Amino acid sequence: MADYQTMLRQLPAVDRLLNEPATIHGTSGLPRRIVKEAVQEIIDNYRLFITEHQNEADKLASLDLSVNRLAERAANLAKKKAFSGFKPVINATGVVIHTNLGRAPLPHAAASAMEAAALNFNNLELNLDTGKRGSRQDHLEELICELTGAEAAAVFNNNAAAVFIVLNTLAKDGEVVVSRGELVEIGGSFRIPDIMAASGAALVEVGTTNKTYLKDYERVLNEQTRALLKVHTSNFQMVGFTAAASTGELAKLAHERGLPLIEDLGSGVLLDTAKYGLPLEPQVKESLLAGVDLVTFSGDKMLGGPQAGLVVGRKALIEKIKANQLARVIRVDKLSIAALLATLKLYYDEKRALSEIPVWRMLTFSKGYLGERAQSLKQKLAPVFGAENITLLPGISRVGGGAMPNAELPTMLVEIRVDSCRITAASLAARARQAEVPVIMRLKQQNLILDPRTIFAEQDDQLVESLQKAYNC
Ligand SMILES: *Cc1c(COP(=O)(O)O)cnc(C)c1O
């Protein structure tokens, strides 16, 4: 039995491993720097393993120190390093609009439109009727107005940018009044007070955290006031002793003083959620009907399209916003325009919107369908984990994306008990995240939880493969 120091001396030098045929063949075309890094890492790992297990003869004996074996490992690691990064994952969390997982998956129509826009020249800023220069905004405006009842519309990079440009255009160097109960932070970085500061508008907070009355707004209005702002507190809900001025009341007050009322809706819903058994979420057109002058919302939350920030409302205000020099800094790109246009077109026919926009399809799955999907997943996973370790049980999915924080969507969960001595549920979940197609799941003690609501049926086989590899490696 070789002692551990002899084994350490047996480990090849970096250059030797780099020049080994298995390394060279396995890494052709990869950047030298990455290959070198991988080779170094493999040697370090072996050195660490040998040192840590120096008193465990059986462990050391089972170690294959052949240069060829190390080279294979180094090549695999180099490939992993070179091709890792941004890629599709399977969302088994049941959170439909998951900001960490890229928010809304696009409808097929939007993906095709994006591809066509990507591979070809297009009339992004050419008016085909006149042959003269056109505006990229023109392609979307009519459709957005049609769907929301707005007079005019403009689209920017995302909703944070939309809020920024609205405030910068209408309230730079002036004051904007907002309720203390609406000073929200969304997703860790979008903070209304910070965005306002960056836009050059001074924030005037009114009311208290839980109660703000119309008279609180009235009291602070002065000649510096440029607008009233209402923010949809989309990612939390206040319960108990609360009061807020209604949109109608605020609009009346604003208009009496010749001021615009702005509303940041966040999610921006174009369908009547209550009709589909979902909690009430304010629709864009309802805000406009209630008298809001400008409404902003995201393209990739409940709209179900690409990242974008939409501003809809009064034509005179939208024209000013479009003319702001900073609009160029946050302009929407051609691929997003293509995807947004294709997504919005689906809303012409509500049935198509519900069946072809993944966000809406997932939000409106029937209990029966989710039950069948859970059953089918159980069957497919049984050969890996054993049918006796898989249980179906009723549970809850979430809307996510800062919409409907308290909404509980009933679902059927697939619960996998990981009682093997090989691995804990937590390390299995970690390995599943490292799979070629990663699977993102919830954990409950020694159980993995899969929610069929957010797993595309076409991904089932891939899901099983990723979990199997994670379990067996
Ligand atoms: C999500 C959200 C935003 C930020 O939108 P992005 O499109 O992510 O920039 C702003 N305001 C509210 C109320 C939101 O919910």
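Our subject is the structure listed above.
Residues numbered from 1 in each chain as written. Predicted model: local features only at pLDDT ≥ 70, side-chain atom pairs only at ≥ 80, totals over all residues. Heavy atoms only, no water.

Caption draft 1: Main features of the pairing of strand S10 (residues 294–298). Extensive coverage of S10 is indicated by the burial of five of its five residues. Burial along S10 is two-sided: the face carrying Leu294, Thr296 and Ser298 and the face carrying Val295 and Phe297 are both buried. Taken together, the four bridges between strand S9 (residues 261–266) and S10 define a ladder with parallel strand orientation. Note that in S10 the partner of aspartate 264 across the bridge is threonine 296. The pairing of S10 with strand S11 (residues 309–313) spans five bridges and is antiparallel. In the strand pairing of S11, phenylalanine 297 is matched with leucine 310. (Buried < 20%, exposed > 50% of the residue type's maximum accessible area, 1.4 Å probe, protein only. Helix = DSSP H or I, 4+ residues; strand = E, 2+ residues; numbered from the N terminus. Pairing = 2+ DSSP bridges.)

Caption draft 2: Spotlight on the nonpolar core. With 58 residues, the main nonpolar core has Leu228, Met302, Val312, Leu344, Tyr347, Trp360 and Val399 as its most contacted residues. A per-element tally of this core places helix H8 (residues 138–148) first, with five residues. Not counting residues within four places of it along the chain, the set of residues in contact with leucine 344 comprises Leu140, Leu143, Ile144, Leu147, Leu270 and Leu303. In this structure, Ala152, Phe190, Ile192 and Ala327 belong to the second largest nonpolar core, which totals 31 residues. (Core = buried A, V, L, I, M, F, W, Y, C linked by side-chain atoms within 4.5 Å. Contact = heavy atoms within 4.5 Å.)

Caption draft 3: Examining the pattern of salt bridges more closely. In total, this model carries 29 salt bridges according to the counting rule given. Lysine 81 is paired through a salt bridge with glutamate 37; the nearest N and O atoms lie 3.6 Å apart. Placement of lysine 81 in helix H6 (residues 67–83) and of glutamate 37 in helix H4 (residues 32–52) is noted, with a sequence separation of 44 residues between them. The exposure class of lysine 81 is partly exposed, given its relative accessible area of 27%. One network of salt bridges, with partners in common, ties together Arg33, Glu37, Glu41 and Lys81. (Salt bridge = Lys/Arg side-chain N within 4 Å of Asp/Glu carboxyl O.)

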